[in-house]
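# Chains, contacts and geometry: an overview
Chain residues, written in single-letter form:
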Amino acid sequence: MVRIAIFASGRGSNALNIIKYFQDYNYVKIELIVSNKKDAPVLNLGKQFDIQTVVINRKHFYKTNRVLEKLKAHQIDYVVLAGFLWLVPSNLVKAYSNRIVNIHPALLPKYGGKGMYGMNVHNAVKAANDTASGITIHYVNEHYDEGNIIFQASCPITPDDTPSTIAQKVHELEYKHFPVVIHQLIDELASE
Ligand code: GRF
């Protein structure tokens, strides 16, 4: 059994998509949902799908090993960041080297770094008159959006696009590719 913890700060549409995708695979279990916001809509998925949820605070996350211990207690193999806004501390990065993946709603290395999330990214893409945007799935290291890139997919942007239509296009790419890429990583892990 491969156990996944999803870390998310917001509404959790990617988390939902990943949970639904892996319902068809009995060797993969979404074991935990971890959020830094106690009222984040993503936490509702816990009740809906019978997945344990954990709310973390800054002190525990950055100054203690509590989150790491929780992951170990649940035998977590992979951590998936799906709209998680806090930087991952080095104790987790080290313990889960190449086992923490993030999705970023742009084509890194463009539009990454602290503060570049959600509509901030799509507003910046629009302001730059880019003709394409997309998604980047990457390993997580101690710096925002700088880990090795695993996968990218792009979508065209026309002059008529607004930041919100760009966001829609990017979300479609996220839903299509993120679970599949996670699945591939899991299968590679199993064949190691
Ligand atoms: C997604 O756009 C993802 O790329 C980014 O945060 C957003 C999360 O959206 N990292 P949701 O909470 O999954 O709906």
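That block above? That's the structure.
Here the residue numbers are simple positions, counted from 1 along each chain's written sequence. Since the coordinates come from a predicted model, pLDDT governs what is reported: local features require at least 70, and pairs of side-chain atoms require 80 or more to be given and counted, while whole-chain, interface and lining totals use all residues. In computing side-chain values, all of the structure's heavy atoms are included and hydrogens and water are not.

## Things to note about the pairing of strand β1 (residues 2–7)
For every residue, the accessible area (1.4 Å probe, protein chains only) is compared with the maximum for its type, and the residue is labelled buried under 20%, exposed over 50%, or partly exposed between those bounds. Every helix listed is a DSSP run of H or I at least four residues long, and every strand listed is a run of E at least two residues long, numbered separately from the N terminus. Most of β1 sits out of view: 5 of its 6 residues are buried. Crossover β1 to strand β2 (residues 28–35) through helix α1 (residues 13–22) is right-handed. Strand pairing is assigned whenever DSSP detects at least two bridges linking the two strands. Examined bridge by bridge, β1 and strand β4 (residues 78–81) share 4 bridges and lie parallel to one another. Bridging from a neighbouring strand, A5 pairs with V79 of β4. Classification remark: right-handed applies to a crossover when, strands pointing away from the viewer, the course from the first strand over the helix to the second runs clockwise.

## Focus: the packing of aromatic side chains
Under the pairing criterion, centres of Phe, Tyr and Trp rings, with the six-membered ring standing for Trp, must be within 6.5 Å; the plane angle then separates stacked pairs below 30 degrees from edge-to-face pairs above 60, leaving the rest tilted. For the structure shown, the criterion picks out 11 aromatic pairs. Geometrically, the ring pair formed by F22 and Y25 is edge-to-face, given 6.2 Å between the ring centres and 65° between the ring planes. On the basis of relative accessibility, which here comes to 3%, the residue F22 falls in the buried class. Taking the relative accessible area as the measure of exposure, Y25 reaches 27% and is therefore partly exposed. Chaining the aromatic ring pairs together yields one cluster made of F7, F61, Y62, F84 and W86. The criterion for a charge sitting over a ring is simple: Lys NZ or Arg CZ within 6 Å of the ring centre, and within 35 degrees of the ring normal. A cation over a ring is seen here: R58 above W86, with NZ or CZ 4.5 Å from the ring centre. Seen from the ring of Y96, K72 lies directly overhead, with NZ or CZ sitting 4.8 Å from the centre.

## A word on the site of the ligand
Only a single heavy atom is needed: when it lies within 4 Å of a molecule or strand, its residue is near that molecule or strand. All residues in the neighbourhood of the ligand are listed as R11, G12, S13, N14, G83, I103, P105, H171 and E174. Polar contacts here mean pairs of N or O atoms no more than 3.5 Å apart (in protein, one a potential hydrogen donor and the other a potential acceptor; neighbouring residues in sequence count only if both atoms are side-chain atoms). Interatomic distance of 2.9 Å between a side-chain N/O atom of R11 and an oxygen atom of the ligand. At 2.5 Å from an oxygen atom of the ligand is found a side-chain nitrogen or oxygen belonging to S13. Protein burial of the ligand: of its 360 Å² of free accessible surface, 87% is covered by the chains. Broken down by secondary-structure element, the contributors of at least two residues to the shell around the ligand are α1 and α7 (163–190). Polar here means any residue other than Ala, Val, Leu, Ile, Met, Phe, Trp, Tyr, Cys and Pro, which are nonpolar, and Asp, Glu, Lys and Arg, which are charged; Gly is therefore polar. Taken together, the residues that form the shell around the ligand break down as 2 nonpolar, 5 polar and 2 charged. Throughout, the Shrake-Rupley method with a 1.4 Å probe supplies accessible areas, and for residues the shown protein chains are the sole cover considered.

## Observations regarding the pairing of β2
Judged by how many residues are buried, β2 sits mostly within the fold: 7 of 8 residues are covered. Two strands pair when backbone bridges link them, and β2 and strand β3 (residues 52–55) are joined in this way by 4 bridges, in the parallel orientation. Paired with I33 across the strands is T53, a residue of β3. Handedness of the crossover joining β2 and β3 through helix α2 (residues 44–49): right-handed.

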